[in-house]
Amino acid sequence: MSTHRATQDGSSSSQLTQRLRPLAAPLLAVLGALVLGALLMLVTGHDPLAAYRAMFEGALGGRKLANLMATLARATPIVGMGLAITIALRGGYLNLGGEGQLVLGGLTSALVALYLPLPGWLLLPVSLVGGAVAGAAWALLATGLDRVFRVPLLIGTLLLNYPARYLASYLVNHPLRDVASGMSQTHRVPEGVELAYLVPGTRLHVGALMVLALVLVATWVVRRTRVGYELRMTGLNPDFARYGGINTVRLGFGTMAISGSIAGLVGAMEVLGTHHRFIDNALTAPLYAWTGLMAALLAGSSPLGVLAAGLFFAAVHTGGFGMERGAQVPRELSRVLQALMILLIAARSRLLTPTHRDAPAEKASSS
Amino acid sequence: MVATSSEAPALELRGIVKRFPGVLANDHIDLAVAPGEIRALLGENGAGKTTLMRVLYGLYPPDDGEILLDGKAQRFRSPTDAIHAGIGMVHQHFMLFPSLTVAENVVYGREPQRWGLLDRTAAARQVAELAERYGLQVDPAARVADLPVGSRQRVEILKTLYRDARVLILDEPTAVLTPQERQGLFQILRELASQGKTVIFITHKLQEVMDLADHATVLRGGMVEATVAVADSSPEALCRHMVGRDLLPQLAKVPQATGESLLAVNNLVVLDNTGRRIVDQVSFEVRAGEIVGLAGVAGNGQSELVAAIAGLRSPAAGRILLNQDDVTATSIAARRQAGLAYIPEDRNRVGLALAASVADNLILTGRHNPTLTQRGVLSQAGIERYTTDLVERFDIKIASVREAVDHLSGGNRQKVVTARELAQEPLVLIAEQPTQGVDVGAAESIHHNLLAVRDQGRAVLLSSAESSEILALCDRILVMFEGRIVGELLAEELANDPAAEATIGLLAAGGEV
């Protein structure tokens, strides 16, 4: 038994440390943030241990794990938006227009659900697809501006967020407003065009599974298909890709269309799964698009990394609420702590992604 | 050894060891160079030449061994120490301020001063005197940005002399020079040596060693393989030391009946960014079973011509026919589909995705093959087989096809590009500077690959700045000057002409034959 163990450990423990090494840095970062936060709370006269217990409970616990469900519900749009950005980033395209694509996707899905005369069972998929198409169209507009008028994609996508947001605002404040409700929102979508809840009594809806499926599909496409290969090569070196006969123009349009359609779909899912109508600012105020962008940048354009980062951001956020409720830590302080954690993680983010191993030998010997 | 007991070597290295994780780059290297000697340091890519010179220049501390100058032990903690001790280095990539004058560049860091400010007159005078003394022609008042490469190199040499260097190290100094500039450099180095300076130059070109050096030290695998007096040696002997085996005797170029036209270019015009005709009404064809060379001084339109044929640049006028089909307006993918392959000049920026694996780099051109993808899905097993087969066939030295390309030496990177382009059995291969910065062993294998394409009855267009390479491989040679083809030479007529290289050089410089 003992000899068996020894040989086992001898070979596998080093492998294990190799595998765990990339995790050491983010764990250290979280630890560092917790220590800094503890100091902050001691200075402001709060009990750090109680606060952290409340945070943990607030993110992952609760009666019947209600808080965990809240975390997952919040993670759904963040991961989805992160995935949208990541797909584009893989090909070297920076899509900063997630917000506009998200809003237009949500708005379109609500309008389809409200005004298209289709049978109920058909209305839900058509409404989701409508959202995706709207997001794709908005992303393609920015790509076309880049192609035809040389407006850099980064600027085009970013600036197109404003017309999208304000157009949606105008529509739900004026022509399409549900006046009776007294709010800036559309009418409620018909019953049967809602995404089902996964756990009754929580806000976690079927969209979470759809996002998870999208992450897995994206991972597979990027790693295992020819298009994924072409995307990766274009992202690493566009000149190389073009030289090899990859149609980088078509690839760019296609990638941006997919990126935008995922963003639009996320909007549709939030509208049909969470709000059941399009509410002004409901998709922009929680900063889903920007948190998703942060998750994508942090994850180094890996879809699975986005899943991890998105879950983390969501957990920190709901945990912050838990801290406010459970330990009476003021909201401002919990926000400071959240920002600290994210900042420290981001500082080491390059270690999250597979890094190149050092090669001094090559440098030394390339005469 | 030149160093006799009466005369201490100007520079001596004893038992230098330099390790990097996993690699012994320098393994107990001994080297002694006499004052006034020109020493060549030869070796393949990765033999440890550059590491050794970096140790000598204070860039890497040695793990073991000592450095002696004029018999006195030295310890360099930085290049500043080495410069102070009298060592000067001319890097492959020049370290000059393009916007400053020659004199300002030379005196930088040790300026003659007047009232605490740079004394320009004194600087210009000192630099002119120095240039005069060692026979380096250069105008101290000229702006470096306006100078050709050969003159910039002279500025680098002047910089070391201004700092009283007694030992000059030159890292592949001829890589960027034209044949004329190369002769000029050799004259300067001989003059320096005759005035007592010690010159060490790193190279992997055998002919230069024969032309210039007194002794040659050959490194292989981090060790000194041999130190020989050049007068008693031969290129073949040096090569054997360097590669560890004989090179195949001559490139066996069997005369071959040429077939139909596989690549034809008619009145092609390519404009540069300012609208100037960088390629001006060029017409030629390459037939099945021949290698056509494109010779000329860099910047006379060869790159643009090749880019237009490859589809990376659109021509303003004219036609390109591939296997007799007009491909002028077709995509790169369509041209590749029709049988075109292309080894580009800039392998690092165009020919490879450095951060990607060797496998990812090798499958670019074959990614539509059924062995590599089925219905758009990559076949892991197929990729593994396809790439390991190429690695074996083209003798690419790597640990695994999963390794990133940026870990490979220049020669191995070029083999990756060559392997990928030849894997598709192209009808027409365009090879642009295929052996630039590549050691003899790899260059030889690439040459054989090009000849094999020709011997299989396909066509090769070879653009190269090396006249010797063009002469060794090509059946016909086109010389370009200022965007036009100014001469066409037949290999058989040049075969026994000792002035062949000079003829090409003259045409390439705009002269008449």
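Residue positions are counted from 1 within each chain, in the order its sequence is given. Each chain is given a letter, starting from A, and each ligand a number, starting from 1, according to the order in which they appear as written. Only residues with pLDDT of at least 70 get local features here, since the model is predicted, and only at 80 or more are side-chain atom pairs given and counted; chain-wide, interface and lining totals rely on the full set of residues. Excluded from the side-chain calculation are hydrogens and water; included are all heavy atoms of the structure.

### Regarding the interface of chain B and chain A
Frequently, the measure chosen for interface size is the accessible area that the parts lose on association.
Stage number 1. Pairs of residues are marked as contacts when any of their non-hydrogen atoms sit within 4.5 Å. Taken together, the contact between chain B and chain A spans 48 residues of the former and 29 residues of the latter.
Stage number 2. Summing both partners gives a buried area of about 3,200 Å² for chain B against chain A, and 57% of it is carried by carbon and sulfur.
Stage number 3. Accessible surface is computed with a 1.4 Å probe, and the buried area is the amount of it that two parts give up when combined, taken over both parts together. Counting the surface chain B buries against chain A, the share from its top three residues, B:L364, B:R367 and B:H407, is 20%.
Stage number 4. By definition here, a salt bridge exists when the distance from a side-chain nitrogen of Lys or Arg to a carboxyl oxygen of Asp or Glu is within 4 Å. Seen at the junction of chain B and chain A, the total is two salt bridges.
Stage number 5. Residues A:E230 and B:R367 are paired through a salt bridge, measuring 2.6 Å at the closest nitrogen-oxygen approach.
Stage number 6. Each polar contact in these results corresponds to two N or O atoms within 3.5 Å; when the atoms are within protein, one needs to be able to donate a hydrogen and the other to accept it, and residues that are neighboring in sequence are counted only if both atoms are side-chain atoms. Between the two partners, chain B and chain A, sit 17 residue pairs in polar contact (both at pLDDT 80 or more).
Stage number 7. Runs of E in the DSSP output that reach at least two residues are strands. Runs of H or I that reach at least four are helices, and both are numbered from the N terminus. Counting residues per element, the ones that place at least two in the side of chain B that touches chain A are α1 (49-56), α10 (332-337), α11 (347-351), α12 (358-362), β20 (377-378) and α14 (410-423) of chain B.
Stage number 8. Considering only residue class, the side of chain B that touches chain A consists of 21 nonpolar, 14 polar and 13 charged. Side-chain classes are defined by residue name, with Ala, Val, Leu, Ile, Met, Phe, Trp, Tyr, Cys and Pro counting as nonpolar, Asp, Glu, Lys and Arg as charged, and the others, Gly among them, as polar.

### Notes on empty space enclosed by the protein
Stage number 1. Buried and open spaces are told apart on a 1 Å grid over the protein atoms alone, a cavity being a set of points where a 1.4 Å probe fits but cannot get out and a pocket being an open set with protein on both sides within 12 Å along at least five of seven lines. Residues with an atom within 4 Å of a point are the lining residues. Grid points are joined across faces, edges and corners, and a volume is the space filled by probe spheres set on the points. Taken as a whole and judged by the stated rule, the model has three cavities of 30 Å³ or more.
Stage number 2. The wall of the largest cavity is formed by A:Y243, B:A310, B:I332, B:R335, B:R336, B:L340, B:A341 and B:Y342.
Stage number 3. Listed by contribution, the elements that provide at least two residues to the lining of the largest cavity are α10 and β18 (340-343) of chain B.
Stage number 4. The space that makes up the second largest cavity amounts to roughly 40 Å³.
Stage number 5. Around the second largest cavity, the lining residues are B:E172, B:T174, B:A175, B:T203, B:H204 and B:K205.
Stage number 6. Looking at the lining of the second largest cavity residue by residue, the class counts come to one nonpolar, three polar and two charged.

### Regarding the sheet that holds strand β4 (residues 64-69) of chain B
Residues and elements named next belong to chain B.
Stage number 1. Strands sit in the order β2-β1-β4-β5 across an open sheet of four strands; the sheet is antiparallel. The outermost strands of the open sheet, each flanked by one partner alone, are β2 (23-33) and β5 (72-74). Across the sheet, the axes of successive neighbouring strands diverge by a mean angle of 30 degrees, strand direction being ignored.
Stage number 2. Where α1 meets the sheet, it contacts β1 (11-20), β2 and β4, and its direction lies at approximately 115 degrees from that of β1. Only when DSSP finds a minimum of two bridges between them are two strands counted as paired. Each axis is a line fitted through C-alpha atoms, taken for helices only over the stretch in contact, and angles between the N-to-C directions span 0 to 180 degrees.

### Describing the sheet that holds strand β12 (residues 223-229) of chain B
Residue and element names in this part refer to chain B.
Stage number 1. Spatially, six strands are ordered β6-β9-β10-β3-β11-β12 in an open sheet, and the strand pairing comes out mixed. Since the sheet does not close on itself, it has two edges, and those belong to β6 (87-90) and β12, each with one partner. Taking each pair of neighbouring strands and ignoring which way they run, the sheet shows an average axis angle of 20 degrees.
Stage number 2. Bridge analysis of β6 against strand β9 (residues 167-171) gives four bridges, and the strand direction is parallel. Bridging across to β9, I87 finds its partner in V167.
Stage number 3. With respect to the sheet, helix α6 (residues 179-194) is in contact with β3 (38-42), β9 and β10 (198-203), its orientation differing from that of β3 by roughly 125 degrees.

### Quick word on the side chain of B:E290
Residue and element names in this part refer to chain B.
Stage number 1. Along the chain, E290 falls in the loop between β14 (277-287) and β15 (291-295).
Stage number 2. Accessibility expressed as a relative area gives 5% for E290, which makes it buried.
Stage number 3. A distance of 2.7 Å separates the side chain of E290 from the side chain of R476, its partner in a polar contact. Residue burial is assigned from relative accessible area. The probe radius is 1.4 Å, only protein chains are included, and a residue is buried under 20% of its type maximum, exposed over 50%, and partly exposed in between.

### Looking at the confidence of the model for chain B
Residues and elements named next belong to chain B.
Stage number 1. Confidence of the predictor at the level of single residues is captured by pLDDT, which takes values from 0 to 100. When pLDDT is averaged along chain B, the result is 87; 94% of the residues meet or exceed 70.
Stage number 2. When pLDDT is averaged over each helix and strand of chain B, the minimum, 74, is found for helix α18 (residues 500-508) and the maximum, 97, for α12.
Stage number 3. For the stretch residues 1-6, pLDDT sits under 50, and the model shows eight contacts to residues farther than four places along the chain or on other chains.

### Let's talk about the environment of B:I16
Residues and elements named next belong to chain B.
Stage number 1. Among the secondary structure elements, I16 is positioned in strand β1.
Stage number 2. Take I16: its relative accessible area is 0%, and that puts it in the buried class.
Stage number 3. C-alpha of I16 to C-alpha of V55: the two residues are 39 residues apart in sequence and 8.6 Å apart in space.
Stage number 4. Those residues in contact with I16 that sit more than four places away from it in its chain are N26, D27, H28, I29, L52, V55, P62, D64, G65, E66 and I67.

### Side note on the packing of aromatic side chains
Stage number 1. Stacked, tilted and edge-to-face are the three classes assigned to paired rings of Phe, Tyr and Trp, where Trp is represented by its six-membered ring and a pair needs centres within 6.5 Å; plane angles under 30 degrees give stacked, over 60 edge-to-face, the rest tilted. With the rule as written, the count across this model stands at four aromatic pairs over all chains.
Stage number 2. Ring geometry for A:F312 and A:F313: centres 6.0 Å apart, planes at 50 degrees, overall tilted.
Stage number 3. Between B:F97 and B:Y108, the ring centres sit 5.0 Å apart and the planes meet at 70 degrees, which makes this aromatic pair edge-to-face. Placement of B:F97 in the loop between β6 and α3 (102-107) and of B:Y108 in the loop between α3 and β7 (113-114) is noted, with a sequence separation of eleven residues between them.
Stage number 4. Judged by relative accessible area, which is 36%, B:F97 ranks as partly exposed.
Stage number 5. Put simply, the rings of A:F240, A:Y243 and B:Y342 touch in pairs and so form one group of aromatic residues.
Stage number 6. The positively charged end of B:R336 is found above the aromatic ring belonging to A:Y243, 4.8 Å away from the centroid. We call a charge positioned over a ring when the NZ of a Lys or the CZ of an Arg lies within 6 Å of the ring centre and within 35 degrees of the ring normal.

### Quick word on the nonpolar core
Residue and element names in this part refer to chain B.
Stage number 1. Side-chain atoms within 4.5 Å are what join buried Ala, Val, Leu, Ile, Met, Phe, Trp, Tyr and Cys residues into a set we call a nonpolar core. Counting residues in each nonpolar core, the largest one holds 84 residues, and the members touching the most others are L263, F284, L305, I309, L429, L461 and I477.
Stage number 2. Leaving out residues up to four positions away in the same chain, F284 has contacts with L263, A264, V265, L305, I309, L461, L478 and I485.
Stage number 3. Core analysis: the second largest hydrophobic core is formed by 50 residues, I38, L96, A193 and L212 among them.

### Some remarks on the environment of A:L307
Stage number 1. Relative to the helices and strands, A:L307 is located in helix α13 (residues 303-327).
Stage number 2. With 206 residues separating them in the primary sequence, A:L307 and A:Q101 have C-alpha atoms 20 Å apart.

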